[in-house]
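If you want the building blocks of each chain, they are given just below.
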Amino acid sequence: MIAEDLQRYLQASRDSVLSSLDGLSEYDVRRPLVPSGTNLLGLVKHLAGIEFGYLGDSVGRPAPVVLPWNEDGSVWENGDMWAKPTESREYLVGLYREAWRHTDASIAELPLDAPASVPWWAEHKRETTFGHLLVRVVAETAQHAGHCDVVRELVDGRSGADNPDGYYDLVLRMAGAPSTDTPVES
């Protein structure tokens, strides 16, 4: 029951991440809008690798695909955080969905107390459980879904909560800030 609850929360965050791409141009899904370089398609790419790594490779269920950024080692230089020009939106979204299927099979097949080993962690912390890693991935995906909400809002003003028209002005009024529909005096 707990595993199913965690899978449901994970799926809600996954869906939120992908919905952040809806209706945006290639430029906008790749565009970094904050100093860290965070961008929507890069977060999709990163999360695909997170799921394949923690909930596949680390529990003895290797990913069914080779991730180029793992293969060439660029993951250690944040090469999983942005999409290369040769990595299309369709490719990265497809890869993320494939990671979902792989993870969901792990959730269905493994008990939460199944042993896991994370080879990129310090040796004294490496041994853990599938349940620990599942909770970690649920939390990380939710965190990045929030990042996607903020980046999407910076692109075109659409908030992740799909707030009704006028919501932003309500927030400004509650905070005591001038409304966006207040005429500017010259």
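Quick caveat: nothing in here was measured; it's all calculated off a predicted structure.

Here we look at helix 6 (residues 130-156)
- Its 27 residues give helix 6 an end-to-end C-alpha distance of 38 Å, which sits within 8% of 39 Å, the value for a rise of 1.5 Å per residue.
- In the segment just after helix 6, G157 is the residue with positive phi, at about 85 degrees.

Description of a nonpolar patch on the surface
- There is a patch of nonpolar side chains on the surface, built from Y167, L170, V171 and M174 and spanning about 390 Å² of accessible area.
- Tracing the chain through its elements places V171 in helix 7 (residues 167-175).
- The exposure class assigned to V171 is partly exposed, which follows from its relative accessible area of 36%.

Notes on the pattern of salt bridges
- Applying the stated criterion across every chain yields a total of 10 salt bridges.
- The closest approach of N and O atoms between E87 and K45, which form a salt bridge, is 2.7 Å. A residue pair is termed long-range when its members are at least 10 positions apart, and E87 in the loop between helix 4 (68-71) and helix 5 (89-109) and K45 in helix 3 (residues 40-54) qualify at 42 residues. Neither residue differs from the other here; E87 and K45 are each classed as buried.
- The residue K84 makes a salt bridge to D72 at a minimum N-O spacing of 3.7 Å. With K84 in the loop between helix 4 and helix 5 and D72 in the loop between helix 4 and helix 5, the pair connects residues that are 12 residues apart, well separated along the chain.

Topic: the packing of helix 1 (residues 2-19) against helix 3
- For the pair helix 1 and helix 3, the least separation of the axes is 11 Å and the interaxial angle reads 155 degrees. The pairing of helix 1 with helix 3 is recorded here as roughly antiparallel in orientation. Pair helix 1 / helix 3 crosses with left-handed handedness. Judged by residue contacts, L10, R14, V17 and L18 of helix 1 engage V44, L47 and E51 from helix 3.

Some details on unusual backbone geometry
- With a phi angle near 65 degrees, N78 is a residue other than glycine that sits in the positive phi range.
- Locating N78 in the fold gives a position in the loop between helix 4 and helix 5.

Calculation rules
Residues numbered from 1 in each chain as written. Predicted model: local features only at pLDDT ≥ 70, side-chain atom pairs only at ≥ 80, totals over all residues. Heavy atoms only, no water. Helix = DSSP H or I, 4+ residues; strand = E, 2+ residues; numbered from the N terminus. Expected span 1.5 Å × (residues − 1). Patch = residues over 30% accessible without salt bridge, like charges linked within 9 Å, V, L, I, M, F, W, Y side chains within 5 Å. Areas by Shrake-Rupley, 256 points an atom, 1.4 Å probe, with all protein chains shown as cover. Salt bridge = Lys/Arg side-chain N within 4 Å of Asp/Glu carboxyl O. Buried < 20%, exposed > 50% of the residue type's maximum accessible area, 1.4 Å probe, protein only. Axes fitted to C-alpha atoms, helices over the stretch in contact; angles between N-to-C directions. Parallel < 35°, antiparallel > 145°, perpendicular 65-115°, else oblique. Left-handed = near helix turned anticlockwise from the far one by under 90°. Contact = heavy atoms within 4.5 Å.

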